[in-house]
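Report on the structure
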Amino acid sequence: MKHTHPLPGDIGLTRIPGVTGQLIRFGQWINGDGFTDYEHAFLVLPGNRLLEAEPGGARILSLTAYADADVVYVCPERLTERQRTGICAAATRYVGVPYSFLDYLAIATHRFHLPVPGLRRYVASTRHMICSQLVDQCYLDAGVHLFADGRWPGYVTPMALYHLPAA
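Rules used in this analysis
- Residues numbered from 1 in each chain as written.
- Predicted model: local features only at pLDDT ≥ 70, side-chain atom pairs only at ≥ 80, totals over all residues.
- Heavy atoms only, no water.
- Buried < 20%, exposed > 50% of the residue type's maximum accessible area, 1.4 Å probe, protein only.
- Helix = DSSP H or I, 4+ residues; strand = E, 2+ residues; numbered from the N terminus.
- Pairing = 2+ DSSP bridges.
- Polar contact = N/O pair within 3.5 Å; in protein donor to acceptor, adjacent residues only side chain to side chain.
- Contact = heavy atoms within 4.5 Å.
- Axes fitted to C-alpha atoms, helices over the stretch in contact; angles between N-to-C directions.
- Parallel < 35°, antiparallel > 145°, perpendicular 65-115°, else oblique.
- Left-handed = near helix turned anticlockwise from the far one by under 90°.
- Nonpolar A, V, L, I, M, F, W, Y, C, P; charged D, E, K, R; others polar.

1. Thoughts on the pairing of strand β2 (residues 11–14)
The alternating pattern of β2 places Ile11 and Leu13 on one face and Gly12 and Thr14 on the opposite face, and all of these are buried. Of the strand pairs in this sheet, β2 and strand β3 (residues 40–45) are connected by four bridges, and their pairing is antiparallel. By the bridge assignment, Leu13 is partnered in β3 with Ala41. Bridge count for β2 against strand β6 (residues 72–74) is three bridges, and the pairing is antiparallel. Across the sheet, the residue bridging to Ile11 is Val74, located in β6.

Here is the structure:
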């Protein structure tokens, strides 16, 4: 379900301007998402707040940080209040988790089926997350699986979230 008025547990998707946004767009293109409009994902929390992954580490901000941005909000259609509460509770455990641009390379390596022994274990063990991985992990921690296509946990881009099967 896509909408414009956020609820706790929703996924916010927006653009990132400049070179950083262009690099992420390129990374998403490599991963099969095309050159798309959303390069950043964040999780809406209660109290008009959000959790997002940033190069300095995951942080909680006011939702007003994106008041002037073009944001679309997505979530699975049948997300319950209990699930939303669990997703938001999980989010608080990830404050400070480091960011890693290398995860885009790992996702691309996986997409192209390049034989890199230990890749999956490495991505899981570093505890670094890009924005979309962070959102996916919060959902997984609450028992909500966003993707039923057999992808590895964490192998998700912002545009994959935009194209959620149940969105």
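2. Considering the side chain of Asp10
Assignment of secondary structure puts Asp10 in the loop between β1 (2–3) and β2. You can call Asp10 buried: its relative accessible area is 0%. One polar contact links the side chain of Asp10 to the main-chain amide nitrogen of Leu7, over a distance of 2.8 Å. With residues up to four places along the chain from it excluded, the contact list for Asp10 reads His3, His5, Phe42, Leu43, Val44, Tyr73, Val74, Cys75, Arg84 and Tyr139.

3. Details of the packing of helix α2 (residues 81–91) against helix α5 (residues 131–141)
It is at 8 Å that the axes of α2 and α5 come closest, and there the two elements cross at 125°. As judged from the angle between their axes, α2 and α5 are oblique. Relative to α5, the crossing made by α2 is right-handed. Residues Ile87, Ala90 and Ala91 of α2 touch α5, and the partners they reach there are Cys138, Tyr139 and Asp141. Of the residues that constitute the contact of α2 with α5, the class distribution is five nonpolar, no polar and one charged.

4. Structural notes on the sheet that holds strand β5 (residues 59–62)
If you trace the six strands from one edge of the open sheet to the other, you get β1-β6-β2-β3-β4-β5, paired in antiparallel fashion. Strands with a single pairing partner mark the edges of an open sheet, and in this sheet they are β1 and β5. Pairing analysis gives four bridges linking strand β4 (residues 49–52) to β5, with the strands arranged antiparallel. Counterpart to Glu52 in the pairing with β5 is Arg59. The strands touched by α2 are β3 and β4; relative to β3, the strand with the most contacts, the crossing angle is about 110°. Each of β2, β3 and β4 touches α5; the most contacted strand, β3, lies at about 35° to it.

Spatial relationships are all this shows, so hold off on functional conclusions.
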